[in-house]
Amino acid sequence: MTQVVLPTIQATDDAAVDCLIVGGGFTGLSAALDLTRQGRSVLVLEQDTSLGGLAGGFDIGGFELEKFYHHWFVSDREVTDLVAELGRGDCVVTHEARTGMYFSNNFFRLSTPMDLLRFSALPFLERIRLGIGVLRARQVRDWMQLENRSSREWLLELFGEKVFKVVWEPLLVGKFGVFADTISAVWFWKKLVLRGGSRANSGKEMLAYYRGGFAALARHMGEEILRRGGRIETGVSARRVLAENGRAVAVETSKGVYKANTVLLTTALPDAANLLQDAAPETYLQALRRVQYLANICLVLQLDRSLSSTYWLNVNDPGFPFVGVIEHTNFEPPEYYGNSHIVYLSRYLPATDAFYTMPDDELLEFALPHLKRMFPALEKSWIKQHYVWRADYAQPIVEKHYSKIVPGMQTPLDNVLISTMAQVYPEDRGTNYAIREGKKVAAHIVHSLSAGKPQA
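Residues numbered from 1 in each chain as written. Predicted model: local features only at pLDDT ≥ 70, side-chain atom pairs only at ≥ 80, totals over all residues. Heavy atoms only, no water.

Engineer: Which parts of the structure should I look at to understand the pattern of salt bridges?
Structural biologist: Two side chains with opposite charge may pair up if their charged atoms get near one another. Per the counting criterion, the structure on display carries 31 salt bridges. Several salt bridges converge on common partners, so that one network encompasses Asp 34, Arg 37, Glu 85 and Lys 439. (Salt bridge = Lys/Arg side-chain N within 4 Å of Asp/Glu carboxyl O.)

Here it is as structure tokens:
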């Protein structure tokens, strides 16, 4: 690599921090927290004005709410352990999750095994096959045997065409659109395993939440990082990694140049490629950009009354423009939001889709007739406020043989590491895995710095 001359921007600090972390989501915060616990100097840069990444919050009249719906499974140990380490165990609440499906203009509750037996959208024997198929899927131990199969191929074999067409295909197409047939069986297998591990003895699905929201958890992590001597700067955008002789020496930002002994990038892989544009070989940059993503647009409604008693409603109707209707206040009570009822409408799509850039008010007007078809009593006057949030890189496309596509933690630069939600495979993105990966990369950095040679 050619030597890069530092730009003539006044460096923010003369001394280099042990680790500069780009991104104040849960991966970056978890890494920063563990590094400060080991006595390492840390600087976290976050381009947003608040911490949390996709789990960040916003104000709804004096109450805080996630921009995108979040919960965790009771089987998620990393996040549970982190909360305990922070001394915030009393902030964790668990609730039964009332889940269901909208199919053929009907609502079906699907929270327990008995609900499955009553699922009249399928003939009785097909309901049995659905239940047995889920149990068989959860018995798979070696996920590598599924890497060469698509979700469609595997689900058709496991459940048969009838179950696939009614239950699984609408979810695949609704979430992944044109990518539906390319999604690896590993991705769907992990979803089935995860949901099965979060059930009580009664068979009911139990989910956990952080009182005050995930933004509050991110804020509490940030406070602990600061208490231990770390630094956090929000509203600062990283622009490029500056390198000399195969090693990063600094990061140029919207605020200035920050020197660092180690750099951790927790941004989406395309953004990481942009940051490394002048520092890494083109072949590596192409590998980072090889992983594809879907964006997400989330319409959040603040209502004066409830739509239904269901928390998570999967929409198996190809004519409905959102893949799910998540009534958050059927999980976390409305009194925590000034007695407002909160509903999320979520859609995954390419960031180039015209729907993604539709103005907020137009999006609401577009959504209302579809919602009224599902909930005929709904009136626009019920809506106290609406909000729209967008994320360009919300869902990695987990293709067949994904393990051969997704890059590892180490970059071509000795002291630059990457840890993102696209790399938690075979798991799918989630706060629990972000925390796990943050701790993992922090341990690696501590070892490397102690050895005096930051490399894998």
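Engineer: How do you make sense of the packing of aromatic side chains when you look at a structure like this?
Structural biologist: Under the defined criterion, the tally for this structure stands at 23 aromatic pairs. Seen in terms of ring centroids, Trp 168 and Phe 188 are 5.2 Å apart; in terms of plane orientation they differ by 80 degrees. Their pairing is edge-to-face. With a gap of 20 residues between them, Trp 168 in helix α5 (residues 151-176) and Phe 188 in helix α6 (residues 185-196) connect regions that are remote in the sequence. Residues Trp 168 and Phe 188 agree in their burial class; the two are buried. With centroids separated by 5.7 Å and ring planes inclined at 75 degrees, the aromatic side chains of Trp 187 and Phe 188 adopt a geometry described as edge-to-face. Judged on exposure class, the residue Trp 187 and its partner Phe 188 are both buried. Grouping aromatic residues by their ring pairs yields a cluster made of Phe 26, Tyr 69, Trp 72, Tyr 209, Phe 214, Tyr 311, Trp 312, Phe 331 and Tyr 344. A cation over a ring is seen here: Lys 175 above Tyr 348, with NZ or CZ 4.6 Å from the ring centre. If you follow Arg 347 out to its NZ or CZ, it ends over the ring of Phe 355, 4.1 Å from the centre. (Phe/Tyr/Trp six-rings, centres within 6.5 Å; stacked < 30°, edge-to-face > 60°. Helix = DSSP H or I, 4+ residues; strand = E, 2+ residues; numbered from the N terminus. Buried < 20%, exposed > 50% of the residue type's maximum accessible area, 1.4 Å probe, protein only. Lys NZ or Arg CZ within 6 Å of the ring centre and 35° of its normal.)

Engineer: How should the sheet that holds strand β8 (residues 106-109) be read in this particular structure?
Structural biologist: Within the open sheet, the 7 strands sit side by side as β8-β7-β16-β17-β18-β15-β19. Their pairing is mixed. Each edge of the sheet is formed by a strand with only one pairing partner; in this case those strands are β8 and β19 (383-396). Strand-to-strand, the axes of this sheet are offset by a mean angle of 20 degrees, without reference to chain direction. Where strand β15 (residues 293-303) meets strand β18 (residues 341-349), 9 bridges bridge the pair, whose relative direction is antiparallel. The partner of Leu 299 across the bridge, within β18, is Leu 345. (Pairing = 2+ DSSP bridges. Axes fitted to C-alpha atoms, helices over the stretch in contact; angles between N-to-C directions.)

Engineer: Before we go on, may I ask you to explain the nonpolar core in this structure?
Structural biologist: What tends to happen in soluble globular proteins is that the nonpolar side chains get buried as a cluster. Within the largest apolar cluster, 134 residues are counted, with the highest numbers of intra-cluster contacts made by Trp 154, Trp 168, Leu 265 and Leu 276. Here the element with the most residues in this core is α5; it accounts for 12 residues. Those residues in contact with Trp 154, other than ones at most four positions away along the chain, are Ala 137, Leu 146, Arg 149, Ala 185, Phe 188, Trp 189 and Leu 192. Grouped together as the second largest cluster of nonpolar side chains are 29 residues, Ala 295, Leu 299, Phe 320 and Ala 367 included. (Core = buried A, V, L, I, M, F, W, Y, C linked by side-chain atoms within 4.5 Å. Contact = heavy atoms within 4.5 Å.)

Engineer: Which parts of the structure should I look at to understand the pairing of β15?
Structural biologist: Where a strand is regular, its side chains alternate between the two sheet faces. For β15, the tally of buried residues reaches 11 of 11 residues, placing the bulk of the element in the interior. Residue alternation in β15 divides its side chains into two sets, Tyr 293, Ala 295, Ile 297, Leu 299, Leu 301 and Leu 303 and Leu 294, Asn 296, Cys 298, Val 300 and Gln 302, and both sets are buried. Of the pairings in the sheet, the one linking β15 to β19 comprises 10 bridges and is antiparallel in character. The residue of β19 that forms the bridge with Asn 296 is Ala 391.

Engineer: I tried to follow a nonpolar patch on the surface on my own but got confused; where do I start?
Structural biologist: A surface patch of nonpolar side chains, amounting to about 570 Å² of accessible area, comprises Met 114, Leu 117, Phe 124, Leu 125, Ile 128 and Ile 132. Contributing elements (two or more residues each) for the nonpolar patch: α3 (113-117) and α4 (124-138). For the nonpolar patch, the element with the highest residue contribution is α4, accounting for 4 residues. Here Ile 128 is to be found in helix α4. A relative accessible area of 32% means that Ile 128 is categorised as partly exposed. (Patch = residues over 30% accessible without salt bridge, like charges linked within 9 Å, V, L, I, M, F, W, Y side chains within 5 Å. Areas by Shrake-Rupley, 256 points an atom, 1.4 Å probe, with all protein chains shown as cover.)

Engineer: How should I be thinking about the side chain of Asp 317 in this particular structure?
Structural biologist: Here Asp 317 is to be found in the loop between β16 (312-315) and β17 (324-327). In this structure the side chain of Asp 317 is engaged in a polar contact, spanning 2.9 Å, whose partner is the side chain of Arg 373. Residues within four places of Asp 317 in sequence aside, it is in contact with Tyr 102 and Arg 373. (Polar contact = N/O pair within 3.5 Å; in protein donor to acceptor, adjacent residues only side chain to side chain.)

Engineer: Explain the packing of helix α1 (residues 26-37) against helix α7 (residues 214-227) to me, please; I cannot follow it from the model alone.
Structural biologist: Axis angle and axis distance: for two packed helices, these are the angle between their axes and the distance between the axes, and together they describe the pair. One way to put it is that α1 packs onto α7 with a least axis distance of 9 Å and a crossing angle of 25 degrees. Classed by the angle they form, the pair α1 and α7 counts as roughly parallel. The element α1 and its partner α7 pack so that their crossing is left-handed. When α1 is examined against α7, the residues Phe 26, Leu 29, Ser 30, Ala 32, Leu 33 and Thr 36 are found in contact with a partner set consisting of Phe 214, Leu 217, Ala 218, Met 221, Glu 224 and Ile 225. Of the residues contributing to the contact of α1 with α7, the split by class is 9 nonpolar, 2 polar and 1 charged. (Parallel < 35°, antiparallel > 145°, perpendicular 65-115°, else oblique. Left-handed = near helix turned anticlockwise from the far one by under 90°. Nonpolar A, V, L, I, M, F, W, Y, C, P; charged D, E, K, R; others polar.)

Engineer: Which parts of the structure should I look at to understand the environment of Ile 326?
Structural biologist: For Ile 326, the position within the fold is in strand β17. As for Ile 326 and Leu 299, which are separated by 27 residues in sequence, their C-alpha atoms are 11 Å apart. Not counting residues within four places of it along the chain, the set of residues in contact with Ile 326 comprises Tyr 69, Tyr 311, Trp 312, Ile 342, Val 343 and Tyr 344.

Engineer: Which parts of the structure should I look at to understand the sheet that holds strand β10 (residues 231-234)?
Structural biologist: Pairing between the strands of a sheet comes from backbone hydrogen bonds, and it takes one of two forms, parallel or antiparallel. Within the open sheet, the 5 strands sit side by side as β10-β2-β1-β14-β20. Their pairing is parallel. The open sheet has two edge strands with one neighbour each: β10 and β20 (416-418). Between one strand axis and the next, the sheet turns by 15 degrees as a mean value, whatever way the strands run. In this sheet, strand β14 (residues 263-265) lies alongside strand β1 (residues 19-22) in parallel orientation, the contact comprising 3 bridges. Considered in β14, the bridge of Ile 21 is made with Leu 264. Taken strand by strand, helix α11 (residues 431-451) contacts β1, β14 and β20, and its axis lies near 165 degrees from that of β20.

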